[in-house]
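The chain contents come next:
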Amino acid sequence: MPPSSSKFPKTTRLLRGGQFQKVYRRRRSVSDRILIVHGCENDLEHARLGLSVSKRVGNAVVRNRWKRAIREAFRLIQAETSPGIDLVISPRRGATPDALMIRRSLKSLTQRLACKLG
RNA sequence: GAAGCGGACUAGAUGGUCGCUGGUUGCCGCCCAGCUUGGGCGGCGACGGGAGGAAAGUCCGGGCACCACAGGAUGCGAUGGUGGGUAACGCCCACCGGCCGCAAGGUUAGGGAAAGUGCCACAGAGAAUAGACCGCCAGACGGGCACACUAGCCCGUCGGGUAAGGGUGAAACGGUGCGGUAAGAGCGCACCAGCAGGCUGGGUGACCAGCCUGGCUAGGUAAACCCCAUCGGGUGCAAGGCCAAGCAGAAAGCAAGCCUCGCUUAGCGGGGCUUCGGGCCGAUCCGGUCUGCCGCUUUCGGGUAGGCCGCUCGAGACGCCGGGCAACCGUCGUCCUAGAGGAAUGGCCAUCGUCGCCGACCGGCCUCGGGCGAUCGGCGAAACAGAACCCGGCUUAUAGGUCCGCUUCAAGC
RNA sequence: GGAUGGGUGGCCGAGUGGACUAAGGCGGCAGUCUUGAAAACUGCUGACGUGGCAACGCGUCCGGGGGUUCGAAUCCCUCCCCAUCCG
């Protein structure tokens, strides 16, 4: 059953180390001032999200804030992005987790990534 | 009112909306077992849960799990006033001693240096059974001055005496006074400080108070070795257990003698002793124990890194009463309060409350250049920080606010 | 989540109670040699604050803070940072 547009169940997340490895091995990534996005095709009708937030970004509270902000942005824009892509998103080191900026950045980065994957 | 000390509490609130997570439950779909009851997975819906005072650092102490385990000695590590609390502690409480503060109070690794060993740089004469550089003192010798008498004064050299003075140092082997002496010195005496021993009184005790005697002096350092007392098995939930899936194994090591017993009798098997090898008893030794060939041990290599359990009812929270100075303990009553796993507990909006700044306004108050207060509007701020098996502490980070007790100073009565 | 090891000039690093704190090497600067450079050789060289016209002087600093000691890079406590390991 495909997920409805604004929900975020477990089927739209990457849960295994192997899935992350697959995305990294595809070696297709785009980035801007605040985010780095790795991408890879999957055989599903929808996109899936994985998060990789390094300890260098900040302490646990800052890392949680990043993850929530990116998840929220992904949840809101997943209907308009191209389906069938697995994404692994990492924040850049100097950036601050601002919800509006992340949503705008994520939208353009996923479009660029879809072009790159062909 | 000003300054300060100690302690406790809180960690914005309410509502709406969109999400996440696991629990209970209803419906639907698939799978397994099937006579039925059932079990598992997924989706949708409803109901009620969903971070902290430090969840942090991992600095201590436990519970729990696995491994190991007769015991003794040595070693290693930790702790260190006394008494209590505790499951335990390096924690807490009370008290004692030292230091700081006018005080409330704060702080204290606070056993032993008259068991032993080591060290105390530089400077200084001498640095721990001390030491004569300058100085002080008398003596011998030589020289000079003065020489009538007492025999004097000065300089130099020599070997002595002397710890009162100078100087060095973080530290120089008690302080003051009197006597004493060639000069001096606890050399003698008095007082003071400090020490040792004994006695008396108080206290469970650390210790306190007093008296007597002694010798006159004992340096510091044990967060140097050490001694004494007490405590301590190791590893950690990635412990550990079950299920599923999956690959590929290789190398090394694994005694000898004697006695005895059994059998299908010249071979095989069992038991005991001695020596030897190996493992374990955390490091060493004594001592003990297991084992020595067709299965074990060790090392290297390969494969998985999926699911379930452990996983939250516990030294549990709250309240009353009782015991105790207190930490804390006990009876009774009520309650169940997060369990994730690429890792949930959040985003947005509105209203209210707190604080700060700016502006407007008031028939409020005053020491009237201004300050305080009330009302309204706008803008801004709200910390430190995220459970990862669970508890008890410690340490560190922390915006704003509330309350309680106490001290000193000032004013009024 | 748990367990270990380590922080010394710009860099690598010795020093594990003794004075002006700091061995040695790399690097940097200046000089000699050269037409010029490289190599070689010789000498110098830490940062910050402060005083001074200058030469130079004084103070602080071994990740930060506190303690023990006459004296700490060294011993003890505590905090911060970095690196490694696990099933």
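Reading the values: rules and limits
Residues numbered from 1 in each chain as written. Chains lettered and ligands numbered in written order. Predicted model: local features only at pLDDT ≥ 70, side-chain atom pairs only at ≥ 80, totals over all residues. Heavy atoms only, no water. Helix = DSSP H or I, 4+ residues; strand = E, 2+ residues; numbered from the N terminus. Polar contact = N/O pair within 3.5 Å; in protein donor to acceptor, adjacent residues only side chain to side chain. Contact = heavy atoms within 4.5 Å. Pairing = 2+ DSSP bridges. Axes fitted to C-alpha atoms, helices over the stretch in contact; angles between N-to-C directions.

Further remarks concern the side chain of Arg48. Tracing the backbone through its elements, the reader meets Arg48 in strand β3 (residues 48–51). Looking at Arg48, its side chain comes within polar contact range of the side chain of Asp86, at 2.9 Å. The residues contacting Arg48, other than those within four sequence positions of it, are Thr11, Thr12, Arg13, Leu14, Gln19, Asn42, Phe74, Ile85, Asp86 and Leu87.

On to the sheet that holds β3, then. One open sheet accounts for four strands, arranged β1-β2-β4-β3; its pairing is mixed. Looking along the sheet, the strands with just one partner apiece sit at the ends: β1 (29–31) and β3. If you compare each strand with its neighbour and ignore which way they point, the axes differ by 25° on average. Inspection of the sheet shows strand β2 (residues 35–41) paired to strand β4 (residues 85–91) by seven bridges, in the antiparallel sense. Directly across from Glu41, in β4, lies its bridge partner Ile85. The sheet contacts of helix α2 (residues 60–77) involve β2, β3 and β4, and relative to β3 the element is tilted by about 165°. Strands in contact with helix α3 (residues 99–117) are β1, β2 and β4; relative to β2, the strand with the most contacts, it is inclined by about 40°.

Don't take any of this as a statement about function, it's just geometry.
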